[in-house]
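Understanding the architecture of this molecule
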Amino acid sequence: MATRFCVGRWIRLRLLVVAACITLLIGCEGDVASSVANAYASVKGAVENRLDGKLPVADADKSKNKKNRKRTHLVELATVQSEPLHITSVYTGSLRARKILRVHAQEEGAVSDVAFFEGESVARGARLLAIDDTLLQASLSKADAVLAESVANIKRLDGLRRKRLVGEDEFLRAQTAARVAEAERRVLTTRIGFTRINAPFDGVISQRLVEPGDVVREHQHVLTLIDPNALTLDIWAAEILVANLARGDQVRVRIDALGVSDYPGRVVRIFPELNPRTRQGRVEIGLAPVPECARPGQFARVTFDVTTQARTVIPFGALRRDRDAEFVYRVQSDLRTERVVVRSGRRVADRVEILEGLKLGDKVVLRGFLGLSEGKQVKQVSAQSGRD
């Protein structure tokens, strides 16, 4: 500070000397004296400004322009576009047998035989279970005797009818009785068939619910037969995924119990209705072929790779949020920002769907949010020179 004061005094002394010289020149020639006086005034003003910490006029203008340039906010912009979304989604579920038979007894009685245990393979047509049919067999014998008697009675009455010894009505009643006896015999034969239950397809016994000697009632569940070579799983998928799936689409299935390998699967069925509360739909996935050691009930993961229809999207980094809503900074034609409230949809990778608030072709700020506000003048820069 002392040094600066001394330098200031020395400069002012120099100015006094120059002033004295100018005073002498005034008496000589008017034009020269005027020019020198003007120069002196300029030098004096510049020196005093320097001593007071002020910049020269030219330097001040440059500084002002530099500040104006600094006030221009640099941003990187992105364009609102319409493009399909490539969705990769993973859903979980449990394997189940596609073909399953719950065997129920159609006749009551004591179980005489159960041929297989749980886990045993069964060939088509093999006897699974038998119920004691002693009473039914006795009833069938009785029905056979009644039928034979009815047939004989018809023959006798037919001979008498030809001789006009019996009326036509009596002969018709005999025919009716014979047909009833025959129907009764067919009923008993069918009921006896119900006491023998055979496998309708190749499979494995998954449940054995009765043992020989147990008395079962009519329609009681006694066995369960499944086909282990037809496994599926049901998943509940989001509506956007269901809308872009079709029967036969290929998927990848991973069964946790079998390691990290992916197995091929396909969409077997898409159920027509969605849950109105969760907006999810049921999709049935089939394994083809079924992996070795895969079992019903195992936990599985299904990976879908689908492409949606074209949607309005922006980069996810352009979407801002506060306590009130989601918004973006849209850049108008005069390069000033406008805060626009939007409603977003599904996010896929670095893209997010915009449902409301923007139209195709709009420019939104992607980077350069620090210090950014509505109505601020901006300047677009490339991704390399933009600031975050």
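Preceding this paragraph is the structure being described.
What counts and how
- Residues numbered from 1 in each chain as written.
- Predicted model: local features only at pLDDT ≥ 70, side-chain atom pairs only at ≥ 80, totals over all residues.
- Heavy atoms only, no water.
- Phe/Tyr/Trp six-rings, centres within 6.5 Å; stacked < 30°, edge-to-face > 60°.
- Helix = DSSP H or I, 4+ residues; strand = E, 2+ residues; numbered from the N terminus.
- Buried < 20%, exposed > 50% of the residue type's maximum accessible area, 1.4 Å probe, protein only.
- Core = buried A, V, L, I, M, F, W, Y, C linked by side-chain atoms within 4.5 Å.
- Contact = heavy atoms within 4.5 Å.
- Pairing = 2+ DSSP bridges.

A word on the packing of aromatic side chains. Under the definition given, this model contains three aromatic pairs. When the centroid spacing of 6.3 Å and the interplanar angle of 40° are considered together, the rings of Y329 and F369 count as tilted. One end of the pair, Y329, is in strand β17 (residues 326–331); the other, F369, is in the loop between β20 (363–367) and β21 (378–380), with 40 residues separating them in the sequence. With relative accessibility at 16%, the residue F369 sits in the buried group. Three or more aromatic residues link up through ring pairs in this structure, and these residues are F327, Y329 and F369.

A separate point is the nonpolar core. L95, I235, V253, V283, I285, V302 and F304 are the most contacted members of the largest nonpolar core, which totals 28 residues. Where this core is concerned, the elements lending two or more residues are β2 (81–97), β11 (231–238), α6 (239–242), β12 (250–255), β14 (280–287) and β15 (299–315). With residues near it in sequence (within four places) discarded, F304 still touches I87, T88, S89, Y91, I235, L241, L245, V251, V267 and I285. In terms of nonpolar packing, the next biggest core, distinct from the first, is built from 18 residues, V103, V111, L128 and I131 among them.

Summarising the sheet, β12 and strand β13 (residues 262–275) pair through five bridges and their orientation is antiparallel. Within β13, the residue paired with Q250 across the bridge is R266. Hairpin connection of β12 to β13: six residues between the antiparallel strands, including G259 at a positive phi of 100°. Inspection of the sheet shows β13 paired to β14 by seven bridges, in the antiparallel sense. Considered in β14, the bridge of I270 is made with V283. Connecting β13 to the antiparallel partner β14 that follows it, the hairpin turn spans four residues, and R279 within it adopts a positive phi of roughly 60°.

A few words now on unusual backbone geometry. Cis rather than trans, the peptide bond between A288 and P289 has omega equal to -5°. Tracing the backbone through its elements, the reader meets P289 in the loop between β14 and β15. Even without glycine at this site, H219 takes up a positive phi of about 70°. Inspection of the secondary structure assignment puts H219 in the loop between β9 (215–216) and β10 (221–226). Backbone geometry places R279, a non-glycine residue, at a positive phi of 60°. Mapped onto the elements of the fold, R279 is located in the loop between β13 and β14.

Any link to function would need more than the numbers given here.
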